[in-house]
Amino acid sequence: MESFYPYFLLLHLICAIVFLGYIFCDVVFLSLVRKKLGDEIANKVSSVISTRSKFMPLCFLILLLSGGAMLSQYINSEIGFFNTQLQQFLVIKTALALIIAGMIVVSLTYFYELKKPSPLRKIIHPIALVLGIFITMLAKLAFY
């Protein structure tokens, strides 16, 4: 597994940039478009963007799987789970990522299975952005 670590890391970083970049643009820029130009234009921009964003759940899944693969280097039954500050930060980071994953599962279930709007639709992206920022900060602090 150790020999694959650099590949998992590269894949993880690319997916994190794409995922958080999309969420950032949606939360920050699209809200500005809505405020300045109105709902009609913002809805048109959103519909154009959403046609390109169908791969976001897959991107997040790859992000989770590559993160889990890398996590196994630092947290396992042989070296422990909470013994070092690195491990503690990584566990917190994983818990925050799983919160985002749970919100995505709820939203996709409502969209594809229940054919209803998700109850999280107005808050999922701002929450995911805030959690993503904390996850990024924890990742940097963990290896500092």
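Residues numbered from 1 in each chain as written. Predicted model: local features only at pLDDT ≥ 70, side-chain atom pairs only at ≥ 80, totals over all residues. Heavy atoms only, no water.

**Considering the overall build of the chain**
Here is step 1 of the chain: Regarding its fold elements, the chain presents five helices and zero strands.
Here is step 2 of the chain: Overall, the chain shows an N-to-C arrangement of helices and strands of α-α-α-α-α.
Here is step 3 of the chain: For the chain, the residues scored as buried account for 28% of the 144 residues in total.
Here is step 4 of the chain: Working note: accessible area of the chain is about 9,800 Å², and carbon and sulfur atoms make up 71% of it. (Helix = DSSP H or I, 4+ residues; strand = E, 2+ residues; numbered from the N terminus. Buried < 20%, exposed > 50% of the residue type's maximum accessible area, 1.4 Å probe, protein only. Areas by Shrake-Rupley, 256 points an atom, 1.4 Å probe, with all protein chains shown as cover.)

**A short note on a nonpolar patch on the surface**
Here is step 1 of the chain: On the surface, Leu-10, Ile-14, Val-18, Phe-55, Leu-58, Leu-61 and Leu-65 cluster together into a nonpolar patch covering about 660 Å² of accessible area.
Here is step 2 of the chain: Secondary structure elements with two or more residues in the nonpolar patch: helix H1 (5-37) and helix H3 (56-74).
Here is step 3 of the chain: Relative to the helices and strands, Leu-58 resides in helix H3. (Patch = residues over 30% accessible without salt bridge, like charges linked within 9 Å, V, L, I, M, F, W, Y side chains within 5 Å. Salt bridge = Lys/Arg side-chain N within 4 Å of Asp/Glu carboxyl O.)

**Examining the packing of aromatic side chains**
Here is step 1 of the chain: Applying the stated criterion across every chain, the model contains five aromatic pairs.
Here is step 2 of the chain: Aromatic pair Phe-19 and Phe-60: ring centres 4.9 Å apart, planes at 40°, arrangement tilted. With Phe-19 in helix H1 and Phe-60 in helix H3, the pair connects residues that are 41 residues apart, well separated along the chain. Assigned by exposure class, Phe-19 and Phe-60 land together as buried.
Here is step 3 of the chain: Consider the rings of Phe-24 and Phe-29, whose centres lie 5.6 Å apart with planes at 90°: the pair is edge-to-face.
Here is step 4 of the chain: A relative accessible area of 37% means that Phe-24 is categorised as partly exposed.
Here is step 5 of the chain: According to the relative accessible area criterion, Phe-29 is partly exposed, its value standing at 45%.
Here is step 6 of the chain: Here the aromatic cluster, defined as three or more aromatic residues joined through ring pairs, consists of Tyr-5, Tyr-74 and Phe-143. (Phe/Tyr/Trp six-rings, centres within 6.5 Å; stacked < 30°, edge-to-face > 60°.)

**A short note on the nonpolar core**
Here is step 1 of the chain: Counting residues in hydrophobic clusters, the biggest one holds 26 residues, and the most contacted among them are Phe-19, Ile-23, Phe-60 and Ile-100.
Here is step 2 of the chain: For this core, the leading source of residues is helix H4 (residues 85-114), giving nine residues.
Here is step 3 of the chain: If we ignore the near neighbours within four places in the chain, the residues touching Ile-23 are His-125, Ala-128 and Leu-129. (Core = buried A, V, L, I, M, F, W, Y, C linked by side-chain atoms within 4.5 Å. Contact = heavy atoms within 4.5 Å.)

**Some words on the packing of H1 against H3**
Here is step 1 of the chain: At their nearest, the axes of H1 and H3 sit 8 Å apart, and the two run at 140° to each other. Judged on the interaxial angle alone, H3 and H1 are oblique. Like other packed secondary-structure pairs, H1 and H3 cross with a definite hand, here left-handed. On H3, the residues that touch Tyr-5, Phe-8, Leu-9, Leu-11, His-12, Cys-15, Ala-16, Val-18, Phe-19 and Tyr-22 of H1 are Met-56, Cys-59, Phe-60, Ile-62, Leu-63, Ser-66, Gly-67, Ala-69, Met-70, Gln-73 and Tyr-74.
Here is step 2 of the chain: Within the contact of H1 with H3, the residues separate by chemical class into 17 nonpolar, four polar and no charged. (Axes fitted to C-alpha atoms, helices over the stretch in contact; angles between N-to-C directions. Parallel < 35°, antiparallel > 145°, perpendicular 65-115°, else oblique. Left-handed = near helix turned anticlockwise from the far one by under 90°. Nonpolar A, V, L, I, M, F, W, Y, C, P; charged D, E, K, R; others polar.)

**Comments concerning unusual backbone geometry**
Here is step 1 of the chain: Located in the positive-phi region is Lys-115, a residue other than glycine, with phi close to 55°.
Here is step 2 of the chain: Here Lys-115 shows up in the loop between H4 and helix H5 (124-142).
Here is step 3 of the chain: According to the relative accessible area criterion, Lys-115 is exposed, its value standing at 64%.

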